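# A structural walkthrough
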Amino acid sequence: MAGHEIPEPADRKQVADPGSEPQTVGESRPSCDPAFRHGVVVGFDGSMSSERALAYAIGMANRHGSGLIIVHVANRLPTTVWAGCEPPVFVDVPDHRTEVLGLELACADYLAEVPWVLVERGGDICHELEEVGREYSADAIVVGSTHGIVGRIFGSVAGRLARRAQRPVIVIP
């Protein structure tokens, strides 16, 4: 590879057993906790928009007597940013934000009303929210709307998700 080599962080957790066989596309992840089946999935990154979506999702899960699946999608960046190689290869950037968000959520009084779980994923936000919704057989996916020029230029997560999702998507302004 041209450019600089990116060392692995010392505290990086091993994601898979090196001796295990990789899963094929047809295989699914291990089954999730049945208490969260038919729950409400909400995308959360700590922004004001996602906090409003979380507040709505809490109320919705509470009214339906279901669990809340809070999803934080970690950043993925092309290696071409660092190495200048082609074609672009995507790497997961260590994102300690999920740990911080988890601690903040664990201390939040407003989450005491409903059972919840925090799920961390890496990749495309729309794909990961829909994938978590599928895994948990979620009744709905709740996201905050995107404000500003970036959402107008690149398209908002809410708009892309609403066009492709296989379950109801609720967009909170």
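Residues numbered from 1 in each chain as written. Predicted model: local features only at pLDDT ≥ 70, side-chain atom pairs only at ≥ 80, totals over all residues. Heavy atoms only, no water.

### What about the overall build of the protein chain?
The cut-off we apply is this: Working definition: helices are DSSP H or I runs of at least four residues, strands are E runs of at least two. Numbering for both runs from the N terminus. Here the term buried applies to any residue with accessible area under 20% of the maximum for its type, exposed to any over 50%, and partly exposed to those in between, with areas from a 1.4 Å probe on protein chains only. Whether two residues are in contact is decided by their heavy atoms: any pair within 4.5 Å suffices. Only the protein chains shown count as cover for residues, and the accessible areas themselves come from Shrake-Rupley with a 1.4 Å probe.
A count of helical and extended segments in the protein chain gives six helices and seven strands. What you see in the protein chain, going N to C, is helices and strands ordered as β-α-β-β-α-β-α-β-α-β-α-α-β. Scored against the burial criterion, the 173 residues of the protein chain give a buried share of 36%. Counting contacts in the protein chain only where the partners sit at least 6 residues apart, residues at least 24 apart contribute 71% of the total. Here the protein chain has roughly 10900 Å² of accessible surface; of this, 56% comes from carbon and sulfur atoms.

### Side note on the environment of D139
Here D139 lies in the loop between α4 (125–135) and β6 (140–144). On a C-alpha basis, the gap between D139 and P168 in space is 7.1 Å, while along the polypeptide they are 29 residues apart. When sequence neighbours within four positions are dropped, the list of residues in contact with D139 reads H38, G39 and P168.

### Observations concerning the confidence of the model for the protein chain
The cut-off we apply is this: pLDDT expresses how confident the predictor is about each individual residue, on a scale running from 0 to 100.
The predicted model of the protein chain has a mean per-residue pLDDT of 75, with 64% of residues at 70 or higher. Per-element averaging of pLDDT across the protein chain places helix α2 (residues 80–83) at the bottom with 48 and strand β1 (residues 40–43) at the top with 95. Within the model, the stretch residues 3–9 combines pLDDT values under 50 with three contacts to residues more than four positions away or in other chains. For the stretch residues 11–18, pLDDT sits under 50, and the model shows three contacts to residues farther than four places along the chain or on other chains.

### Some details on unusual backbone geometry
Located in the positive-phi region is H38, a residue other than glycine, with phi close to 60°. Judged by relative accessible area, H38 falls into the partly exposed class, the value being 44%. A positive phi angle, close to 50°, is found at S137, a residue other than glycine. Relative to the elements of secondary structure, S137 occurs in the loop between α4 and β6. Looking at S137, the relative accessible area reads 25%, which means it is partly exposed.

### Looking at the sheet that holds strand β7 (residues 169–172)
Definition in use: Strands are labelled as partners when DSSP assigns at least two bridges between them. Angular values range over 0 to 180 degrees, each being the angle between N-to-C directions of two axes fitted as lines to C-alpha atoms, with helices fitted over their stretch in contact.
Taken together, five strands build an open sheet; the order of strands is β5-β2-β1-β6-β7 and the sheet is parallel. With partners counted over all chains shown, the strands left at the sheet margins are β5 (116–122) and β7, one partner each. Neighbour to neighbour, the strand axes of the sheet diverge by 25° on average, direction disregarded. With three bridges joining them, β1 and β6 adopt parallel strand pairing.

### Overview of the packing of aromatic side chains
Short version of the rule: Here the aromatic set is Phe, Tyr and Trp, taking the six-membered ring for Trp, and pairing holds for ring centres within 6.5 Å; pairs whose planes are under 30 degrees apart are stacked, those over 60 apart are edge-to-face, and all others are tilted. A positively charged side chain is recorded as over a ring if its NZ (Lys) or CZ (Arg) lies within 6 Å of the ring centre. The angle to the ring normal must also be within 35 degrees.
Following the criterion strictly, the structure yields zero aromatic pairs and no others. The side chain of R63 reaches across the aromatic face of Y56, ending 5.9 Å from its centre.

### Observations regarding the pairing of β1
Convention followed: Crossovers are marked right-handed if the path from the first strand over the helix to the second runs clockwise, as seen with the strands pointing away from the viewer.
By the alternation rule, side chains of β1 split into V40 and V42 and V41 and G43, which are all buried. Taking the sense of rotation as the criterion, the β-α-β connection linking β1, helix α1 (residues 48–64) and strand β2 (residues 68–74) turns out right-handed.

### With respect to α4
The element α4 is extensively covered by neighbouring structure, given that eight of its 11 residues are classed as buried. Residues C126, E128, L129, E130, E131, V132, G133 and E135 constitute the buried set of α4. Directly beyond the C-terminal end of α4, a positive phi value near 50° is found at S137.

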